[in-house]
Amino acid sequence: MRLLVTSSRMPFALALIRRLAEAGHTVYASDTYAAAPGSHSRFLAGHFVTAAPRTDPQAFAADVERIAAEQSLDLVVPSWEDAFYLAALAHKAPVYTAPFTTLARLHDKFSFKQLAADLGLRIPETVLVRSPEELREALARFPRYFARAVFSRGGVSLLTNEGPLAGHVAVEDIDPTAELPWLVQEFVDGPMLCTYSTLHDGRLTAHCAYRAPRQWEHSTGIQFLSVDGDASRAIAERIGEALSYTGQLSFDFVVSPDGLVMIECNPRTTDGVLLMTSDELNRGIVEPGPEPALVEAGREVQLDFAVVAEALTQGSGELRHALHDLRHVPGADRGWRDRLPTLYSFLAFAHHERLSRREHEQLFVAMSDDVCWNGEPIPGMSAADAEALAEIERVRA
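Described below are features of the structure shown in this document. (Residues numbered from 1 in each chain as written. Predicted model: local features only at pLDDT ≥ 70, side-chain atom pairs only at ≥ 80, totals over all residues. Heavy atoms only, no water.)

1. A look at the overall build of the chain
Of regular secondary structure, the chain possesses 13 helices and 15 strands. The C-alpha atoms of the chain give 20 Å as radius of gyration, which agrees with the globular expectation for 397 residues (21 Å, within 12%). Here the chain, with 397 residues, has 57% of them falling under the buried criterion. A fraction of 67% describes how many contacts in the chain between residues 6 or more apart in sequence connect residues 24 or more apart. On the chain, roughly 16500 Å² of surface is accessible, and the fraction owed to carbon and sulfur atoms is 52%. When the 36 basic and 54 acidic side-chain charges of the chain are each reduced to a single mean position, those positions are 4 Å apart. (Helix = DSSP H or I, 4+ residues; strand = E, 2+ residues; numbered from the N terminus. Rg over C-alpha atoms; globule rule 2.2 N^0.38 Å. Buried < 20%, exposed > 50% of the residue type's maximum accessible area, 1.4 Å probe, protein only. Contact = heavy atoms within 4.5 Å. Areas by Shrake-Rupley, 256 points an atom, 1.4 Å probe, with all protein chains shown as cover. Lys, Arg positive; Asp, Glu negative; His and termini not counted. Charge placed at Lys NZ, Arg CZ, Asp CG, Glu CD.)

2. Here we look at the environment of Leu199
Tracing the backbone shows Leu199 in strand E9 (residues 192-200). Here Leu199 falls in the buried class, since its relative accessible area comes to 0%. With 102 residues separating them in the primary sequence, Leu199 and Thr97 have C-alpha atoms 9.4 Å apart. Apart from residues no more than four positions distant in its own chain, Leu199 is found in contact with Tyr96, Leu204, Thr205, Ala236, Gly240, Tyr245, Thr246, Gly247 and Leu249.

3. Quick word on the pattern of salt bridges
Throughout the structure, instances matching the rule amount to 22 salt bridges. Ionic pairing is found between Glu81 and Arg268, a salt bridge with its closest N-O pair at 3.8 Å. You can see Glu81 sitting in the loop between strand E4 (75-77) and helix H3 (82-89) and its partner Arg268 sitting in the loop between strand E13 (259-266) and helix H8 (278-285), a full 187 residues away along the chain. A relative accessible area of 6% places Arg268 in the buried class. Between Arg394 and Glu391 there is a salt bridge, and its shortest N-O distance comes to 2.8 Å. Of this pair, Arg394 and Glu391 both sit in helix H13 (residues 383-396), 3 residues apart, which is roughly one turn of that helix. Among the charged side chains, a network of salt bridges with common partners joins Arg9, Asp31 and Asp370. (Salt bridge = Lys/Arg side-chain N within 4 Å of Asp/Glu carboxyl O.)

4. What to know about the nonpolar core
Inside soluble globular proteins, nonpolar side chains tend to come together where they are buried. Phe100, Ile239, Phe251, Met262 and Trp373 are the most contacted members of the largest nonpolar core, which has 56 residues in total. Take this core: its biggest share by element is 7 residues, from H3. Ignoring anything within four residues of it in the chain, the contact list for Phe251 reads Phe112, Leu193, Cys194, Thr195, Ala236, Ile239, Met262, Glu264 and Cys265. (Core = buried A, V, L, I, M, F, W, Y, C linked by side-chain atoms within 4.5 Å.)

5. Quick notes on the sheet that holds strand E3 (residues 46-49)
Read from one edge of the open sheet, 4 strands run E3-E2-E1-E4, paired in parallel fashion. Either end of the sheet is taken by a strand with one partner, and the two such strands are E3 and E4. Across the sheet, the axes of successive neighbouring strands diverge by a mean angle of 25°, strand direction being ignored. Here 3 bridges tie strand E1 (residues 2-5) to E4, and the two strands are oriented parallel to one another. Looking at E4, one finds that Leu3 is bridged to Leu75. (Pairing = 2+ DSSP bridges. Axes fitted to C-alpha atoms, helices over the stretch in contact; angles between N-to-C directions.)

6. Digging into the packing of helix H4 (residues 100-107) against H13
Here H4 crosses H13 at 20°, and the two axes come no closer than 9 Å. Taken as axis vectors, H4 and H13 run roughly parallel relative to one another. For the pair H4 and H13, the crossing hand works out as right-handed. Along the contact surface, H4 presents Phe100, Thr101, Ala104 and Arg105, while H13 presents Asp385, Ala388, Leu389 and Ile392. (Parallel < 35°, antiparallel > 145°, perpendicular 65-115°, else oblique. Left-handed = near helix turned anticlockwise from the far one by under 90°.)

7. Thoughts on the side chain of Thr198
Take Thr198: it is sitting in strand E9. Excluding its chain neighbours within four sequence positions, the residues that come into contact with Thr198 are Tyr96, Arg203, Leu204, Thr205, Ala206, Gly247, Gln248, Gly284 and Ile285.

8. Quick notes on the pairing of E13
Here E13 lies mainly inside the structure; 7 of its 8 residues are buried. As paired strands, strand E12 (residues 247-256) and E13 are joined by 7 bridges and run antiparallel to one another. Within E13, the position partnered with Phe253 by the bridge is Met262. The turn linking E12 back onto E13 is made up of 2 residues.

Here you go:
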């Protein structure tokens, strides 16, 4: 088949490119800037630069539709939140994603909390806040708490009084509004568990459960370990079946003494892809079989470039730990004989570091800002999608 992977700046987009090409498919890549690392993989048949979905969504959708027509694509595989814009606008391209209304319901942390509760899944006690005054009242309810915007990602801007991120964000710097509310939730003890799944028409076709032993600034994973996925698989199957979901679907849980507690949903690609084989990913996305492809526990992988960069900011003790991991934990690039993406990673890092400093944003925010969706109406979206989005907002109000 002929495939396009979008947002090729993402490490897991590069994993999609390599594995789907190794499975025998002709793979193209796209992003909003030419130096995106994944766009320079030797496994590509070609790469393209598109308009930025967040700033010019209609031009972005038109670019993808044009590429799909010119290259006779069988499938477009979004690897980030550009999936929302494609689901809303790119009706002439074969996109592997759920309808926009389903994506919005899952991405909005409050509406997802309601869905989880309706399905009988365990969730933390939660309060929706729409003003600084409501925020302070909600924080007073919980001796231990964590809070984040209804539309957020990657552990960025997490307000909490527990764990390594306690105090990184000040209450005074948070300004919830009716348009951009926050969730305040009771802090749940236990390690984090993440999952990545693929589904077709509500049927789970691949599943990976994993943890992130090493993180960038205690928020975004840069080292990954697969773990037993039976309990999380059952939850992914329940949600996928309830929504007749097609596309990529990822969850974050806390493993509490009483079982899994649902934290949030990311209806897109996540780092679980890095732990999957070409055959597993192919069976998940392109050629689903009668049984799902399941990743067994015990696989390890890390982003070597990020491990070294993170260690250099933490001092000599952390650098020694990183050097140990570089010797013993397989790197995501190991064995692929695909050097250009690593070289372009330095250019991409410099590009996003400049944006981070110019916009006074965290690096991870700057890295993904022009391909994110934060709940705003998308120009050109259908009346039905606009009404569904308005209904989500009415429920929050």
